[in-house]
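Breakdown of the fold
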Amino acid sequence: MAGGTLTVDLGAVAANYGTLQKAAPKAEVAAVVKANAYGTGMGPVARRLAAAGCRTFFVADAREGATLRKALAKALPEATIYVLNGLFPGAAAHYAAAGLRPVIASRAELDEWAEADAPLPAALHFDTGMNRLGMSEADAALLTQDRALTAGMDIPLIISHLACADEADHPQNVRQLGRFRAILERLRPAFPQAKASLANSGGIWLGPDYHFDMVRPGISLYGGNPFTGRENPFRPVVTARARVLAVREVEAGETAGYAATWTAKGRARIAVLAAGYADGYFRALSSGVRAGNEPESGGSVYIGGGFAPVAGRVSMDMAMVDISHLPDGAVKRGDMAELIGPHMSVDEVGLRAGTLGYEILTALGARYMRRYIENGKEIESESGGKA
């Protein structure tokens with residue numbers, strides 16, 4: 001029996017996809033399902049998105065792409081799958097075997113793809129200000145001038161990626177939009193049929209100018225908030241719960257956990273939970289004081305009808321929470337504590353850990369018993385890691 005459960009609401013995933021379709025009605029809404037669909041389970045999530053009408057998916061690497069192709073073999077064998085990290089050296093045959101399209105971000109990748117025996121379609125990625133991956137405006141000019149570089153190659157998509165879409169008023173958004181438009185204008189004669197894509201989850205809300213032909217949401221599909229300082233319009237998808245292993249009485253002055261960072265101010269009760277940083281419940285959610293007297297963020301869980309703060313350091317397999325303020329008997333061995341869910345959003349957990357909901361979701365460990373529900377009914381259940 002697993003120490004915790006991870007429940008994924010596939011109905012909420014489909015509803016979030018519908019919200020995105022309404023927000024970008026003239027664009028194709030693709031789905032970014034990299035990192036095991038942000039920790040929620042690539043197979044079940046991709047199949048539900050396919051049922052909702054999604055036809056184009058983005059993954060990080062070719063291994064993820066092959067896994068996705070297999071997961072969609074029956075539900076959507078014709079799915080279009082793009083690999084965002086591009087073409088790995090010497091791997092063109094593997095991409096072709098799985099029917100994957102690399103998102104080409106350099107001349108070296110372009111040359112290698114062109115030399116493949118039977119190259120499939122590929123996307124072109126241009127940098128407009130992220131300075132991570134992507135060809136330059138000079139590369140765009142060269143591709144237009146020298147058509148031999150892409151002779152016989154099918155280029156159905158041209159993309160770039162926004163760096164500051166979570167902040168609607170950030171000047172980088174307008175700067176990148178202008179650069180992307182200039183690149184597209186230069187490339188249109190060479191690739192007249194290619195679709196254009198710029199917007200991620202936050203970028204969709206910047207307005208129609210950013211939508212082009214395709215949008216590529218990720219975190220919003222999984223219920224995370226893609227905005228800074230704005231209410232989240234998306235339905236929560238994930239509920240993570242950990243089992244109570246023990247309830248302990250702690251005398252005043254006694255400590256709990258590694259480094260003895262938490263001390264009972266009076267007679268206290270703590271609940272020991274079967275979740276730690278190996279399960280994606282970060283050590284940064286510990287209470288107490290770090291080295292150098294820097295205060296730790298302090299996690300909190302929902303248990304026994306109320307919130308309970310983390311007591312001491314989160315360890316690899318366990319965390320302790322202070323339940324002294326809850327009624328006697330409110331928490332007992334075998335109960336479940338909500339780590340993420342309706343009372344504690346993934347974004348709130350990320351904030352308390354000093355990071356983002358993205359990192360919390362993608363770090364969820366393989367030990368949870370995963371359950372997939374829709375309309376409150378369980379439709380699939382499996383051990384963590386199989387999805």
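Residues numbered from 1 in each chain as written. Predicted model: local features only at pLDDT ≥ 70, side-chain atom pairs only at ≥ 80, totals over all residues. Heavy atoms only, no water.

Here's the deal with the packing of aromatic side chains
Note the following rule: Ring geometry is summarised as follows: Phe, Tyr and Trp rings, the Trp one being its six-membered ring, pair when their centres sit within 6.5 Å, and such pairs are stacked at plane angles under 30 degrees, edge-to-face over 60 and tilted between the two. Helix and strand definitions follow DSSP, with helices as H or I runs of at least four residues and strands as E runs of at least two, each counted in order from the N terminus. Remark: exposure states derive from per-residue accessible area (1.4 Å probe, protein chains only) relative to the maximum for the residue type, with buried under 20%, exposed over 50%, and partly exposed in between. A ring is scored as having a charge over it whenever the NZ atom of a lysine or the CZ atom of an arginine sits within 6 Å of its centre and within 35 degrees of its normal.
The tally for this structure, following the rule as stated, stands at eight aromatic pairs. Ring geometry for Tyr-95 versus Trp-113: centroids 6.3 Å apart, planes at 70°, classification edge-to-face. On the criterion of sequence distance, the pair formed by Tyr-95 in helix H5 (residues 92-98) and Trp-113 in helix H6 (residues 107-114) is long-range, its members being 18 residues apart. A relative accessible area of 0% places Trp-113 in the buried class. An angle of 85° between the planes, with centres 5.1 Å apart, marks the rings of Phe-180 and Phe-212 as edge-to-face. Of the two residues, Phe-180 sits in helix H8 (residues 171-187) while Phe-212 sits in the loop between helix H9 (201-204) and strand E10 (214-215), which places them 32 residues apart along the sequence. Grouped by ring-pair contacts, the aromatic residues Tyr-38, Tyr-222 and Tyr-358 constitute a single cluster. Positioned over the ring face of Phe-58 is Arg-216, at 6.0 Å from the centre of the ring. The aromatic ring of Phe-227 is capped on one face by Arg-230, whose charged end is 4.2 Å from the ring centroid.

Focus on the pattern of salt bridges
Basically, it comes down to this: Any carboxyl oxygen of Asp or Glu that lies within 4 Å of a side-chain nitrogen of Lys or Arg is treated as forming a salt bridge with it.
For the coordinates displayed, the defined rule picks out 14 salt bridges. Arg-367 is the salt-bridge partner of Asp-317, the closest N and O atoms lying 3.0 Å from each other. You can see Asp-317 sitting in the loop between strand E16 (306-309) and strand E17 (319-322) and its partner Arg-367 sitting in the loop between helix H11 (357-362) and strand E19 (369-374), a full 50 residues away along the chain. Here Arg-367 falls in the partly exposed class, since its relative accessible area comes to 41%. One connected set of salt bridges, linked through shared partners, spans Glu-249, Glu-251 and Arg-267.

Focus on H8
So the rule is basically this: Helix span, expected: 1.5 Å multiplied by one less than the number of residues in the helix. What the arc covers is the set of directions going from the helix axis to the C-beta atoms.
Between its terminal C-alpha atoms H8 stretches 25 Å, which fits the 24 Å expected from 17 residues at 1.5 Å a residue. By the burial criterion, the buried members of H8 are Gln-172, Asn-173, Gln-176, Leu-177, Phe-180, Ile-183, Leu-184 and Leu-187. Summarising the axial view, the buried residues of H8 lie within an arc of 135°, below the 170-degree limit, and thus occupy one face. Exposed positions of H8 whose direction lies more than 90 degrees from the buried face are Pro-171, Val-174 and Glu-185.

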